[in-house]
Amino acid sequence: MQREEKQLEASVESLISRVAHVKNALHNFIYKLENEYERLTWASVLDNFALLSGQLNTINKLLRSEKTPSFRNQVIIPLLLSPDRDEDLAKLTEQRVPVFSHEIVPDYLRTKPDPEVEEQEKQLGTEAARLNPEAAQKQIQALNKVCSTLLEKLNNPREDREAEAAARQVSASFNSGDTAMLISAIAFGKGVAKGRPPGPGAPAHPGQGTMMSSGPTLQQVTIGGGLGQQAALGGSVAPQQQGQPGKMPSSIKTNIKSASGSMHPYNR
């Protein structure tokens, strides 16, 4: 009997120590979340979660150990209940339980869920018993499928995101370089050739030789008609001046003026 009691005391002390470690880790993590959230990184958050997970696994191993007695077989009976404040109890529980009264004992020493939770569990059990085995099997398969899909997405998040981005990407219907060149040409005249109209002595553009040689143009017909009228009126026609590109020969202008003056109907 004494051996079992000593073993129980040692197990309780070890369990209290492990729980204290978990409590300190939680306290430090909560302090970081409340006061150091600006400098807190995701890697630090994962480290804190890993620390808490490891400590909880250690407590589970301790409870499942063969050397640890079964705490389910131990019965806790409140020997003294008082509505007055208990300083020792408040210090032991860090001011969380200052009074050990009839009001809080059912909550702290409860070994079963609340009556409302028990009622919900009974309803769920009744619905599960009424369910057809074939329908239950279908629901299990559907749930397994959803879980496997979720696990695949969690295991390969980067590959799924890249595949979805590639599938959603729409091929561009324009060329950004050509658009920039077009805007520069319209707004600033970039890349536009600065041409000047050719003079009388300038060579004709390709493709215009055939047109000029095929027949007289409007200018040639007008000037020719003016010269013919002047010759019929007895005027002299001076030879055209060559070697002055870009200017109309002066003789043609003079002859046209004299011809127009001689042909005026009111000339006396």
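In this text the structure is predicted, and so the values were computed from the model without any measurement.

## With respect to the overall build of the protein
- What the protein contains, in helices and strands, is 11 helices and zero strands.
- Taken from N to C terminus, the helices and strands of the protein fall in the order α-α-α-α-α-α-α-α-α-α-α.
- In the protein, which comprises 268 residues, the share counted as buried stands at 9%.
- For the protein, the share of sequence-separated contacts (at least 6 apart) that also reach a separation of at least 24 residues comes to 45%.
- Accessible surface, the protein: about 23600 Å² in total, of which carbon and sulfur atoms supply 57%.

## Things to note about a nonpolar patch on the surface
- On the surface, a cluster of nonpolar side chains totalling about 540 Å² of accessible area is made up of Val75, Ile77, Leu79 and Leu80.
- Locating Leu79 in the fold gives a position in the loop between helix H2 (42–64) and helix H3 (87–92).

## What to know about a negative patch on the surface
- Negative charge collects at one region of the surface, where Glu4, Glu5, Glu9 and Glu13 lie side by side.
- Tracing the chain through its elements places Glu5 in helix H1 (residues 2–35).
- In this structure Glu5 comes out as partly exposed when scored by relative accessible area, which is 41%.

## Let's talk about the environment of Ser14
- By the element assignment, Ser14 lies in helix H1.
- A sequence separation of 48 residues divides Ser14 from Leu62, and the C-alpha atoms of the two residues are 8.5 Å apart.

## Regarding the pattern of salt bridges
- For the structure on display, the rule yields six salt bridges.
- Asp114 serves as the salt-bridge partner of Arg110, at 3.3 Å between the closest nitrogen and oxygen.
- Judged by its relative accessible area of 34%, Arg110 is partly exposed.
- In this structure, a network of salt bridges that share partners links the residues Lys23, Glu94 and Arg96.

## Let's talk about the side chain of Asn48
- Its location among the elements puts Asn48 in helix H2.
- Those residues in contact with Asn48 that lie beyond four places of it in its chain are Phe29 and Lys32.

## Side note on the packing of H1 against H2
- Contact geometry for H1 and H2: axes closest at 10 Å, N-to-C directions at 165 degrees. As summarised for this structure, H1 and H2 are arranged roughly antiparallel, according to the angle between their axes. Remark: the crossing between H1 and H2 carries left-handed chirality. Contacts from Ser14, Leu15, Arg18, Val19, His21, Val22, Ala25, Leu26, Phe29 and Lys32 of H1 reach H2 at Ser44, Val45, Asn48, Phe49, Leu51, Leu52, Gln55, Leu56, Thr58, Ile59, Leu62 and Leu63.

## Examining the packing of aromatic side chains
- Under the criterion given, the structure shown has one aromatic pair.
- Judged by centre distance (5.3 Å) and plane angle (75 degrees), the ring pair of Phe29 and Phe49 falls under edge-to-face. One end of the pair, Phe29, is in helix H1; the other, Phe49, is in helix H2, and 20 residues separate them in sequence.
- On the accessibility criterion, Phe29 (7% relative accessible area) is buried.
- A residue is classified by how much of its surface remains accessible, and Phe49, at 46% relative accessible area, is partly exposed.

## Considerations on the confidence of the model for the protein
- Confidence in the prediction for the protein averages 74 pLDDT; 69% of positions are at 70 or higher.
- Confidence, expressed as mean pLDDT per element, reaches its minimum in the protein at helix H9 (residues 209–214) with 43 and its maximum at H2 with 91.
- Contacts from residues 201–244, a stretch scored under 50 in pLDDT, to residues over four places away or in other chains number 28 contacts.
- Throughout residues 251–261 the model reports pLDDT below 50, and contacts reaching past four residues in sequence, or to other chains, amount to 14 contacts.

## Some remarks on unusual backbone geometry
- Located in the positive-phi region is Glu94, a residue other than glycine, with phi close to 55 degrees.
- Classification of Glu94 by relative accessible area gives partly exposed; the value is 44%.
- The backbone phi angle of Gln95 is positive, close to 65 degrees, even though this residue is not glycine.
- For Gln95, the position within the fold is in the loop between H3 and helix H4 (105–108).

Conventions and cut-offs
Residues numbered from 1 in each chain as written. Predicted model: local features only at pLDDT ≥ 70, side-chain atom pairs only at ≥ 80, totals over all residues. Heavy atoms only, no water. Helix = DSSP H or I, 4+ residues; strand = E, 2+ residues; numbered from the N terminus. Buried < 20%, exposed > 50% of the residue type's maximum accessible area, 1.4 Å probe, protein only. Contact = heavy atoms within 4.5 Å. Areas by Shrake-Rupley, 256 points an atom, 1.4 Å probe, with all protein chains shown as cover. Patch = residues over 30% accessible without salt bridge, like charges linked within 9 Å, V, L, I, M, F, W, Y side chains within 5 Å. Salt bridge = Lys/Arg side-chain N within 4 Å of Asp/Glu carboxyl O. Lys, Arg positive; Asp, Glu negative; His and termini not counted. Charge placed at Lys NZ, Arg CZ, Asp CG, Glu CD. Axes fitted to C-alpha atoms, helices over the stretch in contact; angles between N-to-C directions. Parallel < 35°, antiparallel > 145°, perpendicular 65-115°, else oblique. Left-handed = near helix turned anticlockwise from the far one by under 90°. Phe/Tyr/Trp six-rings, centres within 6.5 Å; stacked < 30°, edge-to-face > 60°. pLDDT = per-residue confidence, 0-100.

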